[in-house]
Amino acid sequence: MTIGGSGKIGMTLKQRWDARWRTLGATKKPATTFDELVAAYSESVRIYHTLKHLEDCFSHFDSAKRLARYPAEIEVAIWFHDAIQDTATSVDGYIATPCGGVAWLVPFDSTDEDYG
């Protein structure tokens, strides 16, 4: 899969996506969620919050994740942190709620009920 004109970035993101859900013990994941996120970060109206921005976020996170108590959960948050952008109804182009990714996460199932 080529994303943003670079097969390397696309494969890196897809591999990271799949590995993260395995780490969290997800028994099901919708096949379309990764594609929906890629589409969101690839919207033509985006200037900064693109797939490149996502890749940069992961690069920074990778250098510090050893300090995190729950690195897998933080990585999932990175995936969704700028996914929803609505330039028609908000001042800065982003919806006001930080829960925009919840609809994508609901179908996921984990065999591990206790992350703590």
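Here, every reference points to the structure presented above.
To start, this report covers the structure provided alongside it.

What counts as what
Residues numbered from 1 in each chain as written. Predicted model: local features only at pLDDT ≥ 70, side-chain atom pairs only at ≥ 80, totals over all residues. Heavy atoms only, no water. Axes fitted to C-alpha atoms, helices over the stretch in contact; angles between N-to-C directions. Helix = DSSP H or I, 4+ residues; strand = E, 2+ residues; numbered from the N terminus. Parallel < 35°, antiparallel > 145°, perpendicular 65-115°, else oblique. Left-handed = near helix turned anticlockwise from the far one by under 90°. Contact = heavy atoms within 4.5 Å. Nonpolar A, V, L, I, M, F, W, Y, C, P; charged D, E, K, R; others polar. Phe/Tyr/Trp six-rings, centres within 6.5 Å; stacked < 30°, edge-to-face > 60°. Buried < 20%, exposed > 50% of the residue type's maximum accessible area, 1.4 Å probe, protein only. Lys NZ or Arg CZ within 6 Å of the ring centre and 35° of its normal. Expected span 1.5 Å × (residues − 1). Core = buried A, V, L, I, M, F, W, Y, C linked by side-chain atoms within 4.5 Å. Salt bridge = Lys/Arg side-chain N within 4 Å of Asp/Glu carboxyl O.

1. Quick word on the packing of helix 3 (residues 51–64) against helix 4 (residues 71–80)
- One way to put it is that helix 3 packs onto helix 4 with a least axis distance of 10 Å and a crossing angle of 160°. The angle between the axes of helix 3 and helix 4 places the two elements in the roughly antiparallel class. The two elements helix 3 and helix 4 cross, and the hand of that crossing is right-handed. On helix 4, the residues that touch L54, C57, F58 and F61 of helix 3 are P71, I74, E75, I78 and W79.
- A per-class count over the contact of helix 3 with helix 4 returns 8 nonpolar, no polar and 1 charged.

2. With respect to the packing of aromatic side chains
- One pass over the structure, following the stated rule, counts 6 aromatic pairs.
- For the ring pair W17 and F34, a centre distance of 6.1 Å and an interplane angle of 50° mean the geometry is tilted. Of the two residues, W17 is situated in helix 1 (residues 7–23) and F34 in helix 2 (residues 31–41); the sequence distance between them amounts to 17 residues.
- For W17, a relative accessible area of 2% gives the class buried.
- Here the aromatic rings of F58 and W79 are separated by 5.1 Å at their centres, their planes lie at 55°, and the arrangement is tilted. Note that F58 is positioned in helix 3 and W79 in helix 4, a separation of 21 residues in sequence.
- Residue W79 is classed as buried on the basis of its relative accessible area of 2%.
- Clustering of aromatic rings is evident, with ring pairs tying together W17, W21, F34, F58, W79 and F80.
- Just above the ring of F34 sits the side chain of K14; from NZ or CZ to the centre is 5.1 Å.

3. Details of helix 3
- The first and last C-alpha atoms of helix 3 sit 20 Å apart over 14 residues, in line with the 20 Å expected at 1.5 Å per residue.
- Along helix 3, the positions that sit buried rather than exposed are L51, H53, L54, E55, C57, F58 and F61.

4. Topic: the nonpolar core
- Membership of the largest hydrophobic core comes to 19 residues, with the highest contact counts inside it found for W17, L37, L54 and W79.
- When contributions to this core are tallied by element, the ones reaching two or more residues are helix 1, helix 2, helix 3 and helix 4.

5. Some remarks on the pattern of salt bridges
- Going through the model one piece at a time under the given rule, you end up with 7 salt bridges.
- For E43, the salt bridge is made with R46, and the minimal N-O distance between the two is 3.2 Å.
- When its relative accessible area of 33% is taken as the criterion, E43 is described as partly exposed.
- Here R46 falls in the buried class, since its relative accessible area comes to 7%.
- Taken together, the salt bridges that share partners define one network made up of R16, R20, D62, K65 and E75.

Any link to function would need more than the numbers given here.
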